[in-house]
Amino acid sequence: MTPFALLLIVGAVTLDVLANVLLKRSDGFRHKGLGVAAVALVLLAFTLLGVAVREVPVAVAYAAWGGLGIVTTALLSRRLDGTRLTPTAWAGLALILGSVALLHSHG
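What counts and how
- Residues numbered from 1 in each chain as written.
- Predicted model: local features only at pLDDT ≥ 70, side-chain atom pairs only at ≥ 80, totals over all residues.
- Heavy atoms only, no water.
- Helix = DSSP H or I, 4+ residues; strand = E, 2+ residues; numbered from the N terminus.
- Buried < 20%, exposed > 50% of the residue type's maximum accessible area, 1.4 Å probe, protein only.
- Areas by Shrake-Rupley, 256 points an atom, 1.4 Å probe, with all protein chains shown as cover.
- Lys, Arg positive; Asp, Glu negative; His and termini not counted.
- Charge placed at Lys NZ, Arg CZ, Asp CG, Glu CD.
- Expected span 1.5 Å × (residues − 1).
- Contact = heavy atoms within 4.5 Å.
- Axes fitted to C-alpha atoms, helices over the stretch in contact; angles between N-to-C directions.
- Parallel < 35°, antiparallel > 145°, perpendicular 65-115°, else oblique.
- Left-handed = near helix turned anticlockwise from the far one by under 90°.
- Nonpolar A, V, L, I, M, F, W, Y, C, P; charged D, E, K, R; others polar.
- Patch = residues over 30% accessible without salt bridge, like charges linked within 9 Å, V, L, I, M, F, W, Y side chains within 5 Å.
- Salt bridge = Lys/Arg side-chain N within 4 Å of Asp/Glu carboxyl O.
- pLDDT = per-residue confidence, 0-100.
- Core = buried A, V, L, I, M, F, W, Y, C linked by side-chain atoms within 4.5 Å.

A. View of the overall build of the protein. Assigned secondary structure in the protein consists of 4 helices and 0 strands. When the helices and strands of the protein are placed in sequence order, the string is α-α-α-α. Along the longest, intermediate and shortest principal axes, the C-alpha atoms of the protein span 40 × 35 × 15 Å. Expressed as a percentage of its 107 residues, the buried residues of the protein come to 29%. Total accessible area on the protein is roughly 6600 Å²; 71% of this is exposed by carbon and sulfur atoms. Looking at charge distribution, the protein has the averaged site of its 8 positive side-chain charges lying 8 Å from that of its 4 negative ones.

B. Up close: helix H1 (residues 3-25). Taking 1.5 Å of rise per residue, the 23 residues of H1 would be expected to cover 33 Å, and the 33 Å separating its terminal C-alpha atoms lies within 8% of that figure. Of the positions making up H1, those classed as buried are Ala 5, Leu 8, Ile 9, Gly 11, Ala 12, Val 13, Leu 15, Asp 16, Val 17 and Ala 19. In the core, the buried residues of H1 are packed alongside helix H2 (32-52) and helix H3 (58-81). Looking one or two residues past H1, Asp 27 carries a phi angle of roughly 55 degrees, positive in sign.

C. Looking closely at the packing of H1 against H2. The contact between H1 and H2 brings their axes to 8 Å, and the two run at 165 degrees. On the basis of the axis angle, H1 is roughly antiparallel to H2. Remark: the crossing between H1 and H2 carries left-handed chirality. Broken down by class, the residue content of the contact of H1 with H2 amounts to 21 nonpolar, 1 polar and 2 charged.

D. Expanded view of a nonpolar patch on the surface. Together, Leu 23, Phe 29, Val 36, Val 39 and Leu 43 line one region of the surface with nonpolar side chains, adding up to about 440 Å² of accessible area. Sorting elements by how many residues they give to the nonpolar patch places H2 first, with 3 residues. Locating Val 36 in the fold gives a position in helix H2.

E. Molecular detail of the confidence of the model for the protein. For the protein, the mean per-residue pLDDT works out to 94, and 98% of the residues sit at or above 70. Within the protein, helix H4 (residues 87-106) has the poorest average pLDDT of any element, 91, and H2 the best, 97.

F. Region of the structure containing the nonpolar core. Counting 19 residues, the largest nonpolar core has Ile 9, Val 13, Ala 45, Val 56, Ala 61 and Trp 65 as its most contacted members. Among the elements that line this core, the one with the most residues is H1, at 8 residues. In contact with Val 13, other than residues within four places in its own chain, are Ala 64, Trp 65, Leu 68, Gly 69 and Thr 72.

See below:
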């Protein structure tokens, strides 16, 4: 994976995580501005992912984007909202990271 493609995927993950935070803060779109901003960030994240797949196999790019987004969102939710992660949840996050690493090493 080239540094540029990695930067695109990291950017897509970052935008996706920010979108998730805004979506939570929108309170089910009761705060429409936050909800609309969340949707816009997801569209930007997909744009970056779309550019990344020019250089990276789609399976690797999508797994990295989705997996790292899930892990980062869970950890951020724990930090910002006090979400409790059970031992099973921690194991699941570890499996996601391991799966992304395996797929990346194969792709």
